[in-house]
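# Structural characterization, general
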Amino acid sequence: MKPPFFFVLCLVLLIPSCSGVDYIDDYVSPTVRITTPVKSLTIGTSFQFEASYFNNIGELTKDVNFQWESSDTEIIEIDSQGRVFPKKQGFARIIVKLISEERIEISDQIEFEVENNIIFVTEEMTEEEESTPPPLDTASSTMMIATVTPTLEIANRILQITVATEHSFEIEYTDENGILANPSNISWESSDPNIISIDENGRLRAEATGSASITVSTLVSNTLISYSNFITVVEPVAVSTITSYSGSIQTKSSYALEGGFTLSIREGQLVLSLDKDYKASSSLPGLYVYLSNNRNTTSQAYEIAKVTVFQGAHEYILPSNIGLMDYQYILYWCKPFNVKVGEAVIYN
């Protein structure tokens, strides 16, 4: 008995579709991402950078060996585990690298500023000191007689410095003739070396929190001339972080969907806020909102909720274990028919 013609035709059509290469519609390029965004770090601190690797379907891959590098080791050092140690004021980049399953090197980097948090004495402060007699331990001279010409001052005095920060003083000396000169002998002293230490070249280091005076002196014609700078040492500000991303939702279908969004950290909680210009079509049978690293599918996405607000400002409170940079996209998806309705890029 011969098989029916329709059955044979269907079999012929199906065989090619089940053989050969299985094309994955949800393919994305593997990425590595630094997930601890910072704006600045302060000398005297250390900071742990973290990174994540997402494979070719946007899935987070665990137990990955990252390679960490610094663009300038004089400004910042980083160890093999991603812990950084700011050393010098300036700008630097941290780079993370790895080899993907496809044997391709991929990387990510972040640039930030290293700050030393030294507060200098300004001209305005100097004018106030000149109009008001200074305390003995803030700015004093043993030679207060107006007829004496030689003077000694610290040109770049500071009010405040952070722990583990260094600073080099510069002096201004005027001799008996009123001419700027270099004194033949200079000595430096700290009132408390446990708080601020200083070497013979006038380079200080903040050792611990507290207050201390640094005094520079020179001997002129058997007369000691000195000048003091009272300084407060404080704990450094560890890190200035990025706490939010904003953008716009755009429709990727024939259904209406638009509006601004902000993903932010609020009191330790991640919050997705939709702006007052948000609008979404209410004609879909099941519209859901997701966080995802793959804009082509929701298979690896985090399902936030079913959409119940179709116009105006509202927000979603997300679980505390989700980080600000754990996902790159916001997706709006018709769940019953598995159709993408719209998206938003959280960050690039």
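Since this is a predicted model, take the numbers as computed values, not measurements. (Residues numbered from 1 in each chain as written. Predicted model: local features only at pLDDT ≥ 70, side-chain atom pairs only at ≥ 80, totals over all residues. Heavy atoms only, no water.)

### Focus: the overall build of the protein
Spelled out, the test is: A run of H or I in DSSP becomes a helix once it reaches four residues, and a run of E becomes a strand once it reaches two; helices and strands are each numbered from the N terminus. Only protein chains enter the calculation, and the probe is 1.4 Å; a residue is then buried if its accessible area is under 20% of its type maximum, exposed if over 50%, and partly exposed in between. Residues count as neighbours in contact if any of their non-hydrogen atoms are within 4.5 Å of one another. Only the protein chains shown count as cover for residues, and all accessible areas are computed by the Shrake-Rupley method using a 1.4 Å probe.
Along the protein, the regular secondary structure elements total two helices and 31 strands. Buried positions account for 41% of the 348 residues belonging to the protein. Long-range contacts, defined as pairs at least 24 residues apart, comprise 59% of the intrachain contacts of the protein with a sequence gap of at least 6. Total accessible area computed for the protein in this model is approximately 19800 Å², and 50% of it derives from carbon and sulfur atoms.

### Points about the nonpolar core
So the rule is basically this: Only buried Ala, Val, Leu, Ile, Met, Phe, Trp, Tyr and Cys residues count toward a nonpolar core, and they belong to the same one when joined by side-chain atoms within 4.5 Å.
Ranked by size, the top nonpolar core spans 29 residues in total, and within it Ile-330 and Tyr-332 carry the most contacts. If we ignore the near neighbours within four places in the chain, the residues touching Ile-330 are Phe-261, Leu-272, Val-289, Tyr-290, Leu-291, Gly-342, Glu-343, Ala-344 and Ile-346. Core analysis: the next-biggest nonpolar cluster, separate from the first, contains 23 residues, Val-32, Ile-43, Tyr-53 and Ile-94 among them.

### Here we look at the sheet that holds strand β7 (residues 76-78)
Formally: For two strands to be treated as a pair, DSSP must find no fewer than two bridges joining them.
Pairing in this open sheet of three strands is antiparallel, and the strands run β3-β8-β7 from one edge to the other. The sheet is open, and its two edges are formed by β3 (47-48) and β7, each paired on a single side. In this sheet, strand β8 (residues 83-86) lies alongside β3 in antiparallel orientation, the contact comprising two bridges. Bridge pairing in β8 links Gln-48 to Arg-83.

### Brief notes about the pattern of salt bridges
Basically, it comes down to this: Definition used for salt bridges: Asp or Glu carboxyl oxygen within 4 Å of a side-chain nitrogen of Lys or Arg.
Considering all chains together, one arrives at ten salt bridges under this definition. Its salt-bridge partner being Glu-74, residue Lys-88 comes within 4.0 Å of it at the nearest N-O pair. Taken together, the residues Lys-88 in the loop between β8 and β9 (90-99) and Glu-74 in the loop between β6 (67-70) and β7 connect sequence positions 14 residues apart. A residue is classified by how much of its surface remains accessible, and Lys-88, at 45% relative accessible area, is partly exposed. By relative accessible area, Glu-74 is classed as exposed at 54%. What emerges from the salt-bridge pattern is a single network uniting Glu-166, Arg-203, Arg-205 and Glu-207.

### Section: the environment of Asn-177
Mapped onto the secondary structure, Asn-177 falls in the loop between β15 (171-174) and β16 (180-181). Separated by 28 residues in the primary sequence, Asn-177 and Thr-149 place their C-alpha atoms 6.9 Å from one another.

### Notes on the sheet that holds β15
Pairing is antiparallel across the open sheet formed by three strands, whose spatial order is β12-β15-β16. At either end of the open sheet lies a strand with only one pairing partner, and these are β12 (151-154) and β16. Bridge count between β12 and β15: four bridges; the pairing is antiparallel. Note on β15: the bridge partner recorded for Ile-154 is Ile-171.

### What to know about unusual backbone geometry
A negative phi holds for most residues other than glycine; trans holds for most peptide bonds. In this structure, Arg-103 takes a positive phi of about 65 degrees despite not being glycine. Within the secondary structure, Arg-103 is located in the loop between β9 and β10 (105-115). You will see that Ser-221, though not glycine, has its phi angle at about 55 degrees, which is positive. Among the structural elements, Ser-221 can be located in the loop between β20 (210-220) and β21 (223-234). Classification of Ser-221 as exposed rests on a relative accessible area of 60%.

### Examining the pairing of β20
The sheet contact formed by strand β17 (residues 187-190) and β20 spans four bridges and is antiparallel. Bridge assignment links Ser-190 to a residue of β20, and that residue is Ile-214. In terms of strand pairing, β20 meets β21 through eleven bridges, oriented antiparallel. Note that in β21 the partner of Ser-217 across the bridge is Ser-226. Taking the residues between adjacent antiparallel strands as the criterion, β20 and β21 are bridged by two residues, where Ser-221 takes a positive phi near 55 degrees.

From the geometry alone we can't say anything about function, so treat these as descriptive.
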